[in-house]
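The residues making up each chain are set out below.
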Amino acid sequence: MFDPELEAFKRIDLRVYAASHGYGIDAHESWRGSAVMRHPAGDKIIIKRDSDGHYVYFSVRDDGDHGTIIDFAKRRIGASLGVVRKELRPWVGSSSSPVPTYPPLPKVAKDRLRVYREFARMQDAATHPYLEGERCIPGELLCSERFLGKIKIDDRGNAVFPHFDGEGLTGYELKNRNFTGFASGGTKALWVSNTRKEDDRIVFCESAIDALSHAALFLDDHTCYASIGGKPNPVQPELIRAAAARMRACSEIVAAMDADAGGRELVEVVRRAVAMSDRADLHFRVDEPERLKDWNDQLRVRPKSSLPYRPQETLTA
């Protein structure tokens, strides 16, 4: 039976109510579509706003601790629904007590909750045995400012590369020895390195490992990197267009795909997306590995003692 009061409670900004219980925002781990909050006692929760407008949460530490603000309040004050009603009523009216304010949390589809839950348990991979030992990605690159926090490791030792769209996390690439996968229930968007306001180049690659390899070969302080994770889905061209459109004036957009027919098809996807940006000042360029299939192949044959390669404009758009 529909209860208007409970419905109103579920629309209270759970971030604000959690803050009243001592939780604080973790800005490093929060995204546009979700907020990560931590308690001094050690609890870590993820809050998002469902497509119905209800705020929901789950605790990374306790699988049984999840739900709406009503469940959150029950767990924190250890009380019945009747007591929780009394607790929450002041929050749907005016309050004289100062409360923190946060940017609006956009609505996110319900089916992303599983992806959020699994990803929240993963750790940053400032080092990674598979990436360093088998893919020859330099450890100093993984822990650099450009990539720190953009590569995770799960409980199976997989390298994890999160994909985001305008609403937040959508899924993640998974890589390990003889294994390539994607988050169960997730969808591909874009994996993007950390960006800086002075960046004037973005390099799009087929996979995150190719992007890391390109960075190791041609490292540049003004270049950011992105991966589409293989064959694009219908929403990714728009994400590529938007990423290109956000670049500063006169930036360079590089399509650095595999040296095969499939890679050249992806080059055209990026080329068309950039053209749709209506940015005449952007410079489009194609970069292709020399004599080898992909950028990681090229990285692995490079002598470790050699200097980074200079970018090669093997194809000119």
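Before reading on, note that the structure itself is shown above.
Reading guide: rules and limits
Residues numbered from 1 in each chain as written. Predicted model: local features only at pLDDT ≥ 70, side-chain atom pairs only at ≥ 80, totals over all residues. Heavy atoms only, no water. Phe/Tyr/Trp six-rings, centres within 6.5 Å; stacked < 30°, edge-to-face > 60°. Helix = DSSP H or I, 4+ residues; strand = E, 2+ residues; numbered from the N terminus. Contact = heavy atoms within 4.5 Å. Pairing = 2+ DSSP bridges. Axes fitted to C-alpha atoms, helices over the stretch in contact; angles between N-to-C directions. Buried < 20%, exposed > 50% of the residue type's maximum accessible area, 1.4 Å probe, protein only. Arc of directions from axis to C-beta. Salt bridge = Lys/Arg side-chain N within 4 Å of Asp/Glu carboxyl O.

Enquirer: Go over the packing of aromatic side chains, please, and point to the residues and values.
Expert: Applying the stated criterion across every chain, the model contains 9 aromatic pairs. Ring geometry for F147 versus W191: centroids 6.1 Å apart, planes at 0 degrees, classification stacked. Of this pair, F147 sits in the loop between α7 (139-142) and β8 (152-153) while W191 is found in strand β12 (residues 191-192), placing the two residues 44 residues apart along the sequence. Judged by centre distance (5.6 Å) and plane angle (85 degrees), the rings of F218 and W295 are edge-to-face. On the criterion of sequence distance, the pair formed by F218 in helix α8 (residues 208-218) and W295 in helix α11 (residues 295-301) is long-range, its members being 77 residues apart.

Enquirer: Any chance you could break down the environment of A244 for me, citing the residues and the numbers?
Expert: Residue position: A244 is located in helix α9 (residues 236-245). In sequence terms A244 and S277 are 33 residues apart; their C-alpha atoms lie 7.0 Å from each other. Setting aside its immediate chain neighbours within four residues, A244 contacts I253, V274, R279 and L282.

Enquirer: With reference to specific residues and values, describe the sheet that holds strand β7 (residues 123-124).
Expert: Spatially, 5 strands are ordered β7-β8-β9-β10-β11 in an open sheet, and the strand pairing comes out antiparallel. Across the chains shown, the open sheet's two edge strands, defined by having one partner strand only, are β7 and β11 (179-182). As defined by bridge partners, β8 adjoins strand β9 (residues 159-165) across 2 bridges and the pair is classed as antiparallel. Paired with K152 across the bridge in β9 is V160. Packed onto the sheet, helix α5 (residues 113-120) meets β8, β9 and β10 (168-176) and runs at close to 55 degrees relative to β10.

Enquirer: Please set out helix α3 (residues 69-77) residue by residue, giving values where relevant.
Expert: Helical geometry: 3.6 residues make up each α-helical turn, so side chains three or four residues apart lie on a common side. Among the residues of α3, those classed as buried are I69, I70, F72 and A73. Each buried residue of α3 lies within a common arc of 160 degrees when the element is viewed along its axis, so the set occupies one face. Packed against the buried residues of α3 are α1 (4-10), α2 (14-20), β3 (44-50), β4 (55-59), β5 (66-68) and α4 (81-88). In the stretch just after α3, G78 is the one whose phi turns positive, near 60 degrees.

Enquirer: So, the pairing of β4: which residues are in play, and what are the values?
Expert: For β4, the tally of buried residues reaches 5 of 5 residues, placing the bulk of the element in the interior. Covered by surrounding structure in β4 are Y55, Y57 and S59 together with V56 and F58, the residues of both alternating faces. Relative to β4, β3 is paired through 5 bridges, and the arrangement is antiparallel. Among the inter-strand pairings, R49 is bridged to a residue of β4, identified as Y55. Hairpin geometry of β3 and β4 is characterised by an intervening segment of 4 residues between the two adjacent antiparallel strands and by a positive phi of about 90 degrees at G53. Across 3 bridges, the pairing between β4 and β5 is antiparallel. In the strand pairing of β5, V56 is matched with T68. Turn length for the β4-β5 hairpin, with the two strands adjacent in sequence and antiparallel, is 6 residues.

Enquirer: Run through α8, naming residues and quoting values.
Expert: Buried residues dominate α8, accounting for 11 of its 11 residues. For α8, the set of buried residues is A208, I209, D210, A211, L212, S213, H214, A215, A216, L217 and F218.

Enquirer: So what's going on with the pattern of salt bridges? Which residues, and what values?
Expert: Following the criterion strictly, the structure yields 32 salt bridges and no others. In this structure, R156 and D155 form a salt bridge, with 4.0 Å as the shortest nitrogen-oxygen distance. Judged by its relative accessible area of 74%, D155 falls in the exposed class. When the shortest N-O distance is used, the salt bridge between E238 and R241 registers 2.8 Å. One end of the pair, E238, and the other, R241, are both in helix α9, 3 residues apart, so they sit about a helical turn from each other. The class of E238 is partly exposed, set by a relative accessible area of 42%. Residue class for R241 comes out partly exposed when judged on its relative accessible area of 22%. One connected set of salt bridges, linked through shared partners, spans D43, D62, D65, R75 and R76.

Enquirer: Please set out unusual backbone geometry residue by residue, giving values where relevant.
Expert: In this structure, C250 is a non-glycine residue whose phi angle is positive, near 65 degrees. Here C250 shows up in the loop between α9 and β15 (252-255). Despite not being glycine, D278 has its phi angle at roughly 55 degrees, a positive value. In this fold, D278 is placed in the loop between α10 (261-275) and β16 (283-286).

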